[in-house]
Amino acid sequence: SDGRDELDFLIKQSIRASKTVEREIQRLNRIENYRKEFIGDISHELKTPIFAIQGFIETLLNGAIDDDGVNRKFLKKAMRNVNRLIYLTKDLMEISKLETGELKSDVQDIYLRNVIKEVVENLQYKAKKEDVSLQFEDFSKSVLVNADRNQIKQVLINLIENAIKYNEPGGSVTVGAKSFSKDEDRMLVYVEDTGIGINQQFIDRVTERFFRVDKSRSREKGGTGLGLAIVKHIMEAHGEEFFIESTPDIGSTFSFTLSKVDRTSAAAEVED
Ligand code: ADP
């Protein structure tokens, strides 16, 4: 009868509604758990440098300040830890903006060669300091890609700094771009190193925030554990792909795709 159908309809509708509510609660729980985990991770990361600074200052106040043999050494150590807190704060702000979607990619037509060349030149001094040779593998001047210039620079900086940090004295880093073999409309930008490499079991985890294969090596080199998480977010925001290939003791190649722009469209930047 009509009454039966109406009741059936109402029951089905309320089941659907309660399922929607349930899904929404699950979504909010996930966000809440993520937030709790994030705060836990941050607190943990802040503790080490803060306690170190406290220790050095305490020792100085307890008399070491008058000991010319150690006072400057302790101040320098405290300063190094302050710097770590600064890097960490900068990376945390960056990742939180990326994760909340507050930081929108400002996508423009850019000359890929200019961006890569600029970053490689700016990082030469870091490579020299670690006795690593950093090379730019030249490619066509005229390749235009569609991307956020600052964000792509950030990606390149993070990848090249890692390639230098996780290398050996006398090692090398090669940066360049080539046509993406699977897709003519895209370029593949690569950062290749002859460094320590990554064990297969960890490759999928290195883009997790605060994950490091070797915590003490990362710390000693000024790492925050957020560099690759930032890279992954930026590439996702661009709708592009990101790849990691690595062999322990041989080296790693980090690469990402960028979409080419038709030469006829207006360029936002002047070719050098
Ligand atoms: P970190 O600040 O520790 O460098 P990242 O997020 O940039 O943080 O990298 C996470 C971890 O991935 C590093 O601690 C390191 O163990 C590993 N890793 C990153 N890049 C390389 C590389 N080029 N070669 C070997 N290991 C790397």
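Above this note sits the structure.
Note that this is a predicted model, so its numbers are computed, not measured.

(A) How the structure looks around the pattern of salt bridges. Taken as a whole, this structure holds 16 salt bridges when the rule is applied. We note a salt bridge from K126 to E161, for which the minimum N-O separation is 2.8 Å. Of this pair, K126 sits in helix α4 (residues 124–129) while E161 sits in helix α5 (residues 149–165); the two residues are 35 residues apart in sequence, bridging distant segments of the chain. Judged by relative accessible area, K126 falls into the partly exposed class, the value being 29%. The partly exposed category is assigned to E161, whose relative accessible area is 22%. In this structure, R186 and E241 form a salt bridge, with 3.0 Å as the shortest nitrogen-oxygen distance. Remark: E241 occurs in the loop between α8 (227–237) and β6 (242–247) and R186 occurs in strand β5 (residues 186–193); sequence separation between them is 55 residues. Each member of the salt-bridge network shares a partner with another, and the members are D183, R186, E240 and E241.

(B) Local environment of the nonpolar core. Counting residues in each nonpolar core, the largest one holds 50 residues, and the members touching the most others are L156, I160 and F256. The dominant element in this core, judged by the number of residues it contributes, is α5, at 7 residues. Filtering out sequence-adjacent residues up to four positions away, L156 remains in contact with V115, I116, V119, V175, V189, V191 and F256. Of all hydrophobic cores here, the second largest spans 5 residues; its members include F56, L60, F74 and A78.

Here is what the cut-offs are and how they apply
For every chain, the first residue of the written sequence is number 1, and numbering continues from 1 along that sequence. Totals for whole chains, interfaces and linings use every residue, but because this is a predicted model, local features are given only for residues with pLDDT of at least 70 and side-chain atom pairs only at 80 or more, for both listing and counting. As a rule here, side-chain values cover all heavy atoms of the structure and leave hydrogens and water aside. In the sections that follow, a salt bridge refers to a side-chain nitrogen of Lys or Arg positioned within 4 Å of a carboxyl oxygen of Asp or Glu. Numbering of helices and strands runs from the N terminus, with a helix taken as a DSSP run of H or I at least four residues long and a strand as a DSSP run of E at least two residues long. Only protein chains enter the calculation, and the probe is 1.4 Å; a residue is then buried if its accessible area is under 20% of its type maximum, exposed if over 50%, and partly exposed in between. The set of buried Ala, Val, Leu, Ile, Met, Phe, Trp, Tyr and Cys residues whose side-chain atoms join them within 4.5 Å is what this entry labels a nonpolar core. The contact criterion used is simple: two residues touch if any of their non-hydrogen atoms lie within 4.5 Å.

Nothing here speaks to function; it is geometry throughout.
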